[in-house]
Amino acid sequence: MTLTLDALLKDLHDRTKNKFEKKPTVVAKNDSFDVEKLPIDKPEWHAIDDVACVYFDLKSSTNLAKGRRPESTASIYDAGVGGVAKILRDFDAQFLDIQGDGGFGLFWGEKRFERAVTAGISLRTFSRDFTAQLDKKWPDAPSTGFKVGIASGSLMAKRVGLPRHLEFQEPVWAGNPVNYAAKAAQQSSPERMSVTGSVYDSISSNDFIVFSCACGDPALLWEPVTLEKIPDDERFGQSLGSYWCEHHGDEYCNAVLAGKTHREEVPVSERQKRNRLAEGTVLTHDAVKARANERERTRSVFAALKTKP
């Protein structure tokens, strides 16, 4: 292999200058957004006003191969990451990206928050079983499990790479949801799932997600968490430590996906706790207002963009 480095760097310099001078077109797609139609060979990005991202990361994955045959390590990754991919597919994620021992799924369109959050809870429930089977099979394996974070917001996307070379093309997602979901997952543990402020804003009124099941007295499940690595009002999120109940999980999951939100048996006292959680401190209360204002600003920005079907 012979490379003319000076020529390569000069070409990249000129390309960067040209990209900066000739800004691309940004087209609002929203519900008609289609990954398969992302452009590669023209200066056009497709934008979508609200996307929910579920990010997952396998804890201590770098130690899973130590003292273990390659075939065993491969089976752990296949069972774990492959299982998560199946969950995200079954909850109708429109895009899935796997990055070694982690990755993310994107949800947009109808019931995107319901699909994303129920997928996240299902991922946690699977993670518990996956870890139990791993510990039984290999008692000396390091403690593991999937860390999960969920975030939302607007995105722009385009295929970036070399035209006519599919193996050198990938969608690039410009915006906060993937980055913030990754930061939420980093601050989480396999025992708890963290969601950013706007995600909880969107699901906080759903009794099937917010309160425990009818196996006992329904109680508020979520706890406030400050996601320190997120720089804006999205950092005031919520954390969930529960899983799907083996008796009510199927019923509640499908109730959420069907659009149901109300449960008669939830005590008034627990609903009041939810209201107090939403109000929080002056800081978190102001953050709720700021997130609502940001959503309105985003709608205005997208309304001004060129639209295409």
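Up top you'll find the structure we're talking about.
A quick note: this is a predicted structure, and the numbers were derived from the prediction, not measured. Counting restarts for each chain: residues are numbered from 1 in the order of the written sequence. A pLDDT threshold of at least 70 governs which residues receive local features in this predicted model, and a stricter bar of 80 or more applies before side-chain atom pairs are shown or counted, although totals over entire chains, interfaces and linings include all residues. To get the side-chain values, all heavy atoms of the structure are used, and hydrogens and water are removed first.

Caption draft 1: Representation of the nonpolar core within the structure. To define a nonpolar core, start from buried Ala, Val, Leu, Ile, Met, Phe, Trp, Tyr and Cys residues and group those joined through side-chain atoms within 4.5 Å. Here the term buried applies to any residue with accessible area under 20% of the maximum for its type, exposed to any over 50%, and partly exposed to those in between, with areas from a 1.4 Å probe on protein chains only. Counting residues in each nonpolar core, the largest one holds 44 residues, and the members touching the most others are Val 54, Phe 107, Leu 123, Ile 150, Met 193 and Trp 222. Numbering of helices and strands starts at the N terminus; helices are DSSP runs of H or I of at least 4 residues and strands are runs of E of at least 2. Mapped by element, the contributors of at least two residues to this core are strand E2 (44-58), helix H2 (70-90), helix H3 (112-137), strand E5 (146-161), strand E7 (193-195), helix H5 (197-203), helix H6 (207-210) and helix H7 (249-257). Sorting elements by how many residues they give to this core places H3 first, with eight residues. In this structure, Val 35, Phe 95, Ala 181 and Ile 230 belong to the second largest nonpolar core, which totals 24 residues.

Caption draft 2: Broad picture of the packing of H2 against H3. The geometry of H2 relative to H3 is characterised by a closest axis approach of 10 Å and an angle of 160° between their N-to-C directions. By the angle between their axes, H2 is roughly antiparallel relative to H3. Of the two possible hands of crossing, H2 and H3 adopt the one that is right-handed. Across the interface between the two elements, Ile 76, Ala 79, Gly 80, Gly 83, Val 84, Ile 87 and Leu 88 of H2 pack against Ala 119, Ser 122, Leu 123, Phe 126, Phe 130 and Leu 134 of H3. Here the contact of H2 with H3 is composed, by residue class, of ten nonpolar, three polar and no charged. In this description, a line fitted to the C-alpha atoms serves as the axis of each element, helices being fitted only across the stretch in contact, and the angle between N-to-C directions of two axes falls anywhere from 0 to 180 degrees. To sort the angles, those under 35 degrees are grouped as roughly parallel, those over 145 as roughly antiparallel, those from 65 to 115 as roughly perpendicular, and the leftovers as oblique. Crossing handedness: left-handed means the near helix sits turned counterclockwise from the far one by under a right angle, and right-handed means the same turn made clockwise. The contact criterion used is simple: two residues touch if any of their non-hydrogen atoms lie within 4.5 Å. For this scheme, ten residues count as nonpolar: Ala, Val, Leu, Ile, Met, Phe, Trp, Tyr, Cys and Pro. Four count as charged, namely Asp, Glu, Lys and Arg, and the remainder, Gly too, count as polar.

Caption draft 3: Expanded view of the packing of H3 against H7. Where H3 meets H7, the axes come as close as 9 Å, and the angle between the chain directions of the two elements is 160°. When the axis of H3 is compared with that of H7, the two are roughly antiparallel. Facing H3, whose interface residues are Glu 114, Arg 115 and Thr 118, H7 presents Cys 253, Val 256 and Leu 257. Grouping the amino acids of the contact of H3 with H7 by side-chain chemistry returns three nonpolar, one polar and two charged.

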